[in-house]
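Residues per chain are reported as follows:
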Amino acid sequence: MKILVIGTGYVGTTTGLLFCEMGHKVTGLDLDEKKIKSLKSGKLHFYEPGLEDLLAKHISQNHISFTRNAKKAIKENDVIFICVGTPQDKNGDADLSYVKSVAESIGTYMNEYKVIVTKSTVPVGTSGLVSKWIREKQEDKIKFDVVSNPEFLREGSALHDALNPDRIIIGTTGKKAMKIMKSLYEPFACPTLETLPEAAEMIKYASNSFLAMKISYINELAKLCDELEINVNDVSKGIGMDQRIGPAFLQAGMGYGGSCFPKDVSALIYLAKKSGNPLTILESVVKVNEEQTSYFLKKIKHALGGKLKNRKIAILGLAFKANTDDTRESASLYLIEKLMAEQAEVTVHDPVVKWGTTYQRESIEETVKGADAVCICTDWEDYKKINWTNLKSLMNQPYIFDGRNILSKTEMEKIGFHYMGVANG
Ligand code: UGA
């Protein structure tokens, strides 16, 4: 099948390469000249482990090509995946302007039956809008079907997640489109849910919000555990052993960030309020998450004697999680902002993110040199492998604040650190 992927971010690029792996011919379309130039030359314009090798492979075998020519790309392909961004607008709702402009281009240029698939995370009802926007631009009433096929891959493990999905959700009212979508996903062994577009759209928001809820639940519980001197990691393990709960997304820390959870939870809250059925649980999920860096800051401040002014704090990690260069809504940035407001002197390190400020140092050693405390803000593998005995000798004071619970309190105390995690022993 000839597949067009519109939007070449990490969802679009991964989706395109996934279909190349399944033996299809793929075109990636984006308006951004720099992105297209980079992808054509086999270089990703974002950091995602494993993806660049696959890109090089499929470019060399002519399975994937990239273009800015919307007219030609839309005419030449049978199935069109919309993978453009849906950022948050000022009300907390999703901004659909990119989706709208893509739908209008499809309406303008389509020449024969097409299946138009929304992969971007979009509010309930967007499939109907996409149909309307396409129809409004059509000169001849050519048939098409719209499908909602949400994506569940994570940044940092996009390729693995795309190749090994837990489930595939296909929401459409079109029989022909359902048949085409099912054949596209036939090689996957996981279950497929056939449903209506609105339910598919809701499934995506409800999934992300549920995972965010698990994180806020464990983070709030961690505060209580901290008070009662209970190790929250043991509690996560213990409750996660119940198959009805499951062990995933119960890692306590500085709170969730990224381009998805904060935006999607907020969009679902907005939708619920608008329809007169507020989701109070999710409102609390957001509140707990927003308070998590303040809670952590309070602990740091207390441990360092109540004052942070002129204290040298070394921050390890800027990305919102490991294996990505994405800092959107990163808890690390929120903590840095708060430390700076307290007039602490901050130095930062990240193995991949290039922050472009004078606070960033190239190496971990340079970052912690003369520091009164180290704060671990991202769960990078590099930080788990640090030789802490060596690092301690470079510091002014041996304090570690582990915002991701990646180290062992016992081990750190053996080396002579004052260690504090998030209810981590
Ligand atoms: C999330 C979902 O996990 C994907 O299924 C979904 O496809 C994606 O959003 C999306 O909507 O595009 P992502 O934002 O890439 O993926 O990253 P996650 O691995 O979900 O992590 C989100 C945040 O939660 C990170 O800040 C992470 O550090 C934090 N987190 C995660 C915790 O604090 N504790 C945990 O136990 C798990």
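On a predicted model such as this, the values are computed, not experimentally measured, just so you know.

**Considerations on the overall build of the protein**
Item 1. Each helix and strand in the protein was counted, giving 17 helices and 13 strands.
Item 2. For the protein, the C-alpha radius of gyration of 24 Å lies close to 22 Å, the compact-globule estimate for 425 residues.
Item 3. Seen through its C-alpha atoms, the protein measures out along the principal axes to roughly 75 × 50 × 40 Å.
Item 4. Burial status across the protein gives 51% buried among its 425 residues.
Item 5. Summed over all atoms, the accessible surface of the protein reaches about 20000 Å², with 51% contributed by carbon and sulfur.
Item 6. On the protein, the mean spot of the 55 positive side-chain charges and the mean spot of the 53 negative ones are 3 Å from each other.

**Section: the packing of helix H5 (residues 97-109) against helix H6 (residues 126-137)**
Item 1. Two numbers describe how H5 lies on H6: the axes approach to 7 Å, and their chain directions differ by 40 degrees. Viewed along their axes, H5 and H6 adopt a mutual orientation that is oblique. Two packed elements cross with a definite hand, and for H5 against H6 that hand is right-handed. Contacts between H5 and H6 involve Val99, Lys100, Ala103, Glu104, Ile106, Gly107 and Thr108 from the former and Thr126, Val130, Trp133, Ile134 and Lys137 from the latter.
Item 2. Split into classes, the residues belonging to the contact of H5 with H6 amount to six nonpolar, three polar and three charged.

**Observations concerning the domain arrangement of the protein**
Item 1. Annotation of the protein at the domain level lists domain 1 (2-195) and domain 2 (209-420).
Item 2. The gap between the C-alpha centroids of domain 1 and domain 2 is 33 Å.
Item 3. Contact residues are listed per partner, giving 16 residues for domain 1 and 19 residues for domain 2.
Item 4. Contact between domain 1 and domain 2 buries roughly 1300 Å² in total, counting both sides, with carbon and sulfur atoms accounting for 51%.

**Considerations on the site of the ligand**
Item 1. The immediate surroundings of the ligand are formed by 20 residues, with Phe152, Leu153, Glu155, Lys204 and Asn208 found nearest.
Item 2. Lys204 places a polar side-chain atom, nitrogen or oxygen, 2.7 Å from an oxygen atom of the ligand.
Item 3. A distance of 2.8 Å separates an oxygen atom of the ligand from a polar atom in the side chain of Lys321.
Item 4. Look at the ligand: alone it shows 720 Å² of surface, and the protein chains cover 91% of it.

**A short note on the sheet that holds strand E12 (residues 399-402)**
Item 1. With respect to topology, five strands assemble into an open sheet ordered E10-E9-E11-E12-E13, the strand pairing being parallel. Only two strands of the sheet have a single neighbouring strand rather than two, namely strand E10 (345-349) and strand E13 (418-420). Taking the axes of each pair of neighbouring strands and ignoring which way they run, one obtains an average angle of 20 degrees across the sheet.
Item 2. Here three bridges tie E12 to E13, and the two strands are oriented parallel to one another. Among the inter-strand pairings, Ile400 is bridged to a residue of E13, identified as Tyr419.

**Observations concerning the environment of Gly50**
Item 1. Note that Gly50 resides in the loop between helix H2 (33-40) and helix H3 (51-60).
Item 2. For Gly50, a relative accessible area of 40% gives the class partly exposed.

**Some points on the side chain of Ser209**
Item 1. Mapping Ser209 onto the fold places it in helix H9 (residues 197-228).
Item 2. In contact with Ser209, other than residues within four places in its own chain, are Asp264, Val265, Leu268 and Leu282.

**Overview of helix H1 (residues 10-21)**
Item 1. Its twelve residues give H1 an end-to-end C-alpha distance of 16 Å, which sits within 8% of 16 Å, the value for a rise of 1.5 Å per residue.
Item 2. Counting buried residues in H1 gives eleven out of twelve residues, a clear majority hidden from the surface.
Item 3. Along H1, the positions that sit buried rather than exposed are Tyr10, Val11, Gly12, Thr13, Thr14, Thr15, Gly16, Leu17, Leu18, Phe19 and Cys20.
Item 4. Positioned one or two residues after H1, Gly23 has a phi angle of 95 degrees, which is positive.

**Side note on the environment of Lys40**
Item 1. Along the chain, Lys40 falls in helix H2.
Item 2. The spacing of Lys40 and Ile80 is 40 residues in sequence and 20 Å in space, taken between C-alpha atoms.
Item 3. If near-sequence neighbours (up to four positions away) are discounted, Lys40 is found in contact with Ile59 and Phe66.

The rules we used
Residues numbered from 1 in each chain as written. Predicted model: local features only at pLDDT ≥ 70, side-chain atom pairs only at ≥ 80, totals over all residues. Heavy atoms only, no water. Helix = DSSP H or I, 4+ residues; strand = E, 2+ residues; numbered from the N terminus. Rg over C-alpha atoms; globule rule 2.2 N^0.38 Å. Buried < 20%, exposed > 50% of the residue type's maximum accessible area, 1.4 Å probe, protein only. Areas by Shrake-Rupley, 256 points an atom, 1.4 Å probe, with all protein chains shown as cover. Lys, Arg positive; Asp, Glu negative; His and termini not counted. Charge placed at Lys NZ, Arg CZ, Asp CG, Glu CD. Axes fitted to C-alpha atoms, helices over the stretch in contact; angles between N-to-C directions. Parallel < 35°, antiparallel > 145°, perpendicular 65-115°, else oblique. Left-handed = near helix turned anticlockwise from the far one by under 90°. Contact = heavy atoms within 4.5 Å. Nonpolar A, V, L, I, M, F, W, Y, C, P; charged D, E, K, R; others polar. Domains from an automatic or database assignment. Buried area = accessible area lost by both parts, 1.4 Å probe. Near = heavy atom within 4 Å. Polar contact = N/O pair within 3.5 Å; in protein donor to acceptor, adjacent residues only side chain to side chain. Pairing = 2+ DSSP bridges. Expected span 1.5 Å × (residues − 1).

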